[in-house]
Amino acid sequence: MASQTGIKRTLADLKFINSLCATLKRDALTPGEPLVATKGFVADFSILPQHVARLSAGHFSYVQPEPTCSLMVSHAVNISKSDSNKEAFRWKVKPTYLIALSQSCADEVELDVGDLPREATGKKERALMDVVVGNKSIEGSNSWAQCYGGHQFGVWASQLGDGRAISLGEIETSIGERFELQLKGSGSTPYSRFADGYAVLRSSIREFLASESMHALGIPTSRALALTAAPERLVRREEGIETGAVVCRVAPGSWIRFGTFELWSKRGKLSMLRELAEFTIKNYFPNLWVEGLNGEEKTKENGEGAEEKKGKEKTEAVSSIKRPTMYVSWFQEVVRRTAVMIAHWQAVGFCHGVMNTDNFSILGLTIDYGPYQFMDDYDPEYICNHSDHEGRYSFSNQPSIGMWNLSSLGSAISPLVVKYDCNDDQDKAGVLLNDALETYEPIMNEKFTELMRAKLGLKDAQNDDLESIIYPCLGAMASVRTDYTNFFRLLCHFRLSDDHGVVKEGGKIALPAKLPVNPRLLSWYEKYRSRLLSELPEGADLIVADEERSARMKLANPRFVPRNYLLQDVIDEMEHLIANKYAEDTAAVAVPWRGGGGLLSEEGLMQAKLPAEPEGERLPDGYYTPVTDPKVLDMDWKVNPVTGYLEVLTTPYIDEDMATTGEERALRRRFATDYEGVPQSVKALKCSCSS
């Protein structure tokens, strides 16, 4: 999580570096320069067959956002061809409303937002409004859309790319931190295919609130700076005609995804893959960067005229010590960050819904908030995405899918590992990649256990905590389908010092009034009480111990998360306000459940809906499986003698406890078979491929 320096700069003073555009290969059909804004409001796509299966030859394409103002003459879309034609047309400015702004996010990127959202009359405020809605380009920066591919629901989808997202630029703060600003819903790009590139108010509100809430919860995530409604931009979706909107979102670092690497690997473009990987490591994993890794003598000498022998010795030293580890070390770090991110998801009860490889950040950030949901009743098999008919991305499957996606990434970068880390030794490359993948489960379990200890208020770490106290707790919760967030918040009031409560044979146990109860839970409460007492010294003041533990637990257990019904209330009210042109005073909301948190005003819609205290629910017993699987996939990297591919061969792991759900469902949940039931391999690029 980036630090806030207290420095504030206007939009014109931000330091844009746009390293991606300056380093990687541009699509030849979209000319431009990284730090020179393209002239004209609308990018001219008449030269781009974006509505067909166009294969981009570059890592990115320059593209300008579509403004919310419109031409009175519709065929004037080619206005950018000739600046002299601009005076021949009259522009109509459509009303837009800035309905949300995150002061916390603005502070992080050192942006001075002035009096927004209260006033938009000053020069500074008007300039910012024009940019976050897409009406004007940023001076000193050229916007772009990224090209990438991805596996969607386990099936390779080939080229995808930023279909409705346009990056405004990459900035560097005064302390050297980087952020990439991006507009979502600001019009079509070369990767939009048959889509319009727009976003609707409903999904935009959900993304804004989710990303800022996740940040407040301490979970690695993209941020949301501003949300603007464009009521006259009507967008057709499955639900009908909806109000258009634009989200200005921010990635700490970059929006590069797993699928960005998969695309060039699948195409056999080793040079494009290598350039992308080198750029990513050098800019976002600088501690892992090694000069001269690819046989190029890039080592820096201490001064001019350095002896050739000394330079040769230095190069050989770097090669012998660091050369075999750069790409694998980078992959290992991606594995670590992904494991930590998913551990956070499981601990807070967050369901992503669309864990495709094109929605996985290479930096371990939660991105692309679509049909996500914070669970209400605890159901490990819960599916938040109505289009996920097979349950691939259910809550309990998220850890397994993290491993599946990482194996796909490992396959994609395997040619780099083979050629540059292992001197064309495929067997060695397979071992290194497998070793890196095998760290995923222990890292995730370790982080998950750490987070759950905090939620339970445990001070002492014991080796068997996951099996002895955490999993039994989750199993008991599932048996009554109790509310996930409310249960842990109510548990903050668990007392050792009170003899009043539910009577249990052999003694008494004190419980907060609204905690759910059944025999399985009562057994766990007794175990939990014994564990808490074991952490206290003899003669400890139980009242003081209860107060201290309660304070600790409240820091780890939010009273509020953006539940679906609350989000829908906000959406309904906001649409009503906008329809009646009363959006001027609506406030940004960033859910500061532990104080601070970036709330702009106390009259925010979500703030008004915070319940006084959650109430537990009692429902019939439910089926339980662990949140994290003890095993995910048994993997073995081998070279296929027929294809010459380096493959990770996956063997399905079937839990005996899952027999009641049927073998077919068990296999589907472990994702070791394709939809036809034929065992699949996550194939890497043929190692002998060339650019």
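Cut-offs used in this document
- Residues numbered from 1 in each chain as written.
- Predicted model: local features only at pLDDT ≥ 70, side-chain atom pairs only at ≥ 80, totals over all residues.
- Heavy atoms only, no water.
- Helix = DSSP H or I, 4+ residues; strand = E, 2+ residues; numbered from the N terminus.
- Buried < 20%, exposed > 50% of the residue type's maximum accessible area, 1.4 Å probe, protein only.
- Contact = heavy atoms within 4.5 Å.
- Axes fitted to C-alpha atoms, helices over the stretch in contact; angles between N-to-C directions.
- Parallel < 35°, antiparallel > 145°, perpendicular 65-115°, else oblique.
- Left-handed = near helix turned anticlockwise from the far one by under 90°.
- Nonpolar A, V, L, I, M, F, W, Y, C, P; charged D, E, K, R; others polar.
- Core = buried A, V, L, I, M, F, W, Y, C linked by side-chain atoms within 4.5 Å.
- Phe/Tyr/Trp six-rings, centres within 6.5 Å; stacked < 30°, edge-to-face > 60°.
- Salt bridge = Lys/Arg side-chain N within 4 Å of Asp/Glu carboxyl O.
- Pairing = 2+ DSSP bridges.
- Polar contact = N/O pair within 3.5 Å; in protein donor to acceptor, adjacent residues only side chain to side chain.
- pLDDT = per-residue confidence, 0-100.
- Expected span 1.5 Å × (residues − 1).
- Arc of directions from axis to C-beta.
- Disulfide = S-S within 2.5 Å.

This part covers the overall build of the chain. Within the chain, the regular secondary structure consists of 18 helices and 19 strands. Counting every position in the chain, which comprises 691 residues, the buried fraction comes to 56%. Partitioning the intrachain contacts of the chain with sequence separation of at least 6 by distance along the chain shows that 73% fall at a separation of at least 24.

Let us look at the packing of helix α5 (residues 258–266) against helix α6 (residues 270–284). At a closest axis distance of 8 Å, the pairing of α5 and α6 adopts a crossing angle of 155°. If you check the angle between α5 and α6, you find them roughly antiparallel. Once α5 is placed against α6, the crossing between them reads as left-handed. Across from Thr260, Phe261, Trp264 and Ser265 in α5, the residues of α6 making contact are Met272, Leu273, Leu276, Ala277 and Thr280. Within the contact of α5 with α6, the residues separate by chemical class into six nonpolar, three polar and no charged.

Core analysis: the largest hydrophobic core is formed by 133 residues, its most contacted members being Ile99, Trp330, Leu456, Phe487, Leu491 and Tyr525. Here this core gets 15 residues from one element, more than from any other, and that element is helix α8 (residues 326–348). Each residue touching Trp330, except ones within four places of it in the same chain, is listed here: Phe261, Ala277, Thr280, Ile281, Phe285, Leu288, Thr325, Ile362 and Ile413. Counting residues in each nonpolar core, the second largest holds 25 residues, with Leu14, Cys105, Met129 and Ile138 among its members.

Summed over the entire model, instances satisfying the criterion amount to 21 aromatic pairs. Seen from their ring centres, Phe258 and Phe360 are 5.5 Å apart, and the 65° between their planes marks the pair as edge-to-face. One end of the pair, Phe258, is in helix α5; the other, Phe360, is in the loop between β13 (350–351) and β14 (373–374), with 102 residues separating them in the sequence. A relative accessible area of 0% places Phe258 in the buried class. Since its relative accessible area comes to 2%, Phe360 is described here as buried. Ring centres 6.4 Å apart and planes at 40° place the aromatic pair Phe494 and Tyr525 in the tilted group. You can see Phe494 sitting in the loop between α13 (484–491) and β15 (502–504) and its partner Tyr525 sitting in helix α14 (residues 519–534), a full 31 residues away along the chain.

Attention now moves to the pattern of salt bridges. Counted according to the given criterion, the structure contains 24 salt bridges. We note a salt bridge from Glu207 to Lys184, for which the minimum N-O separation is 2.9 Å. Highlighted residues: Glu207 in helix α4 (residues 201–216) and Lys184 in strand β9 (residues 178–184), separated in sequence by 23 residues. By relative accessible area, which is 3% here, Glu207 ends up buried. The salt bridge involving Asp368 is made with Arg257; its shortest N-O contact spans 2.5 Å. Of this pair, Asp368 sits in the loop between β13 and β14 while Arg257 is found in the loop between β12 (240–252) and α5, placing the two residues 111 residues apart along the sequence. Of the two residues examined, Asp368 and Arg257, each falls in the buried class. Put simply, Lys184, Glu207, Arg249, Arg257 and Asp368 are held in one network by salt bridges that share partners.

Once that is clear, we can look at the pairing of strand β11 (residues 223–237). The side chains of a regular strand alternate between the sheet's two faces. In terms of residue burial, β11 counts as a mostly covered element, since 11 of its 15 residues are buried. Looking at chain direction, strand β4 (residues 97–101) and β11 are connected through four bridges and run antiparallel. Considered in β11, the bridge of Leu98 is made with Thr228. Looking at chain direction, β11 and β12 are connected through 11 bridges and run antiparallel. Paired with Arg236 across the two strands is Ile241, which belongs to β12. Counted between consecutive antiparallel strands, the loop separating β11 from β12 contains two residues.

Tracing the backbone shows Asn385 in the loop between β14 and α9 (398–421). Sequence-wise, Asn385 and His352 are 33 residues apart; in three dimensions their C-alpha atoms are separated by 8.5 Å. When sequence neighbours within four positions are dropped, the list of residues in contact with Asn385 reads Phe153, Gly353, Val354 and Pro371. Reaching out from Asn385, the side chain makes a polar contact with the side chain of Ser387 at a distance of 2.7 Å.

Mapping Pro34 onto the fold places it in the loop between α1 (19–23) and β1 (60–62). It is 8.8 Å that separates the C-alpha atoms of Pro34 and Tyr62, two residues lying 28 residues apart in sequence. The residues touching Pro34, leaving out its near neighbours within four places in the chain, are Asn18, Cys21, Ala22, Tyr62, Ser141 and Asn142.

Right, let's get into the confidence of the model for the chain. Residues with a pLDDT of 70 or more make up 70% of the chain, whose mean pLDDT is 77. Confidence over residues 500–507 falls short of pLDDT 50; this stretch has 13 contacts with residues more than four positions distant or in other chains. In the model, residues 582–691 has pLDDT below 50 throughout and makes 276 contacts with residues more than four positions away in sequence or in other chains.

Further remarks concern unusual backbone geometry. Note: most peptide bonds trans; most residues except glycine with negative phi. The phi angle at Asn18 is positive, at roughly 45°, despite the residue not being glycine. With respect to the secondary-structure elements, Asn18 resides in the segment before α1. According to the relative accessible area criterion, Asn18 is buried, its value standing at 0%. Unusually for a residue other than glycine, Asn423 sits at a positive phi of about 50°. Note that Asn423 resides in the loop between α9 and α10 (426–437). Exposure remark for Asn423: the relative accessible area of 56% places this residue in the exposed category.

Positionally, Leu490 belongs in helix α13. In sequence terms Leu490 and Asn557 are 67 residues apart; their C-alpha atoms lie 9.3 Å from each other.

The next subject is helix α15 (residues 542–556). Along its 15 residues, α15 runs 21 Å from first to last C-alpha, staying within 8% of the 21 Å computed at 1.5 Å per residue. Buried within α15 we find Ala545, Asp546, Arg549, Ser550 and Met553. Each buried residue of α15 sits inside an arc of 130° when the element is viewed along its axis, so together they form one side. Within α15, the exposed residues directed more than 90 degrees away from the buried face are Glu547 and Leu555. Close packing links the buried residues of α15 with α11 (440–456), α13 and α14. With a side-chain oxygen positioned 3.0 Å from the backbone nitrogen of Ile543, the residue opening α15 is Asp541.

Once that is clear, we can look at helix α12 (residues 465–480). Taking 1.5 Å per residue, 16 residues should reach 22 Å; α12 reaches 22 Å between its end C-alpha atoms and fits that length. For α12, the buried fraction is high: 13 of the 16 residues fall into the buried class. Arg481 sits one or two residues past α12 and shows a positive phi near 50°.

The subject of this paragraph is the state of the cysteines. The full count for this structure, using the stated rule, is zero disulfides. Here Cys351 is not disulfide-linked; the sulfur of Cys384 is the nearest cysteine sulfur, at 5.0 Å.

This part is about the side chain of Ser61. Residue placement: Ser61 occurs in strand β1. Since its relative accessible area comes to 0%, Ser61 is described here as buried. One polar contact links Ser61 to Asp27, side chain to side chain, over a distance of 2.9 Å. Polar contacts involving the side chain of Ser61 include one to the side chain of Tyr191, which spans 2.6 Å.

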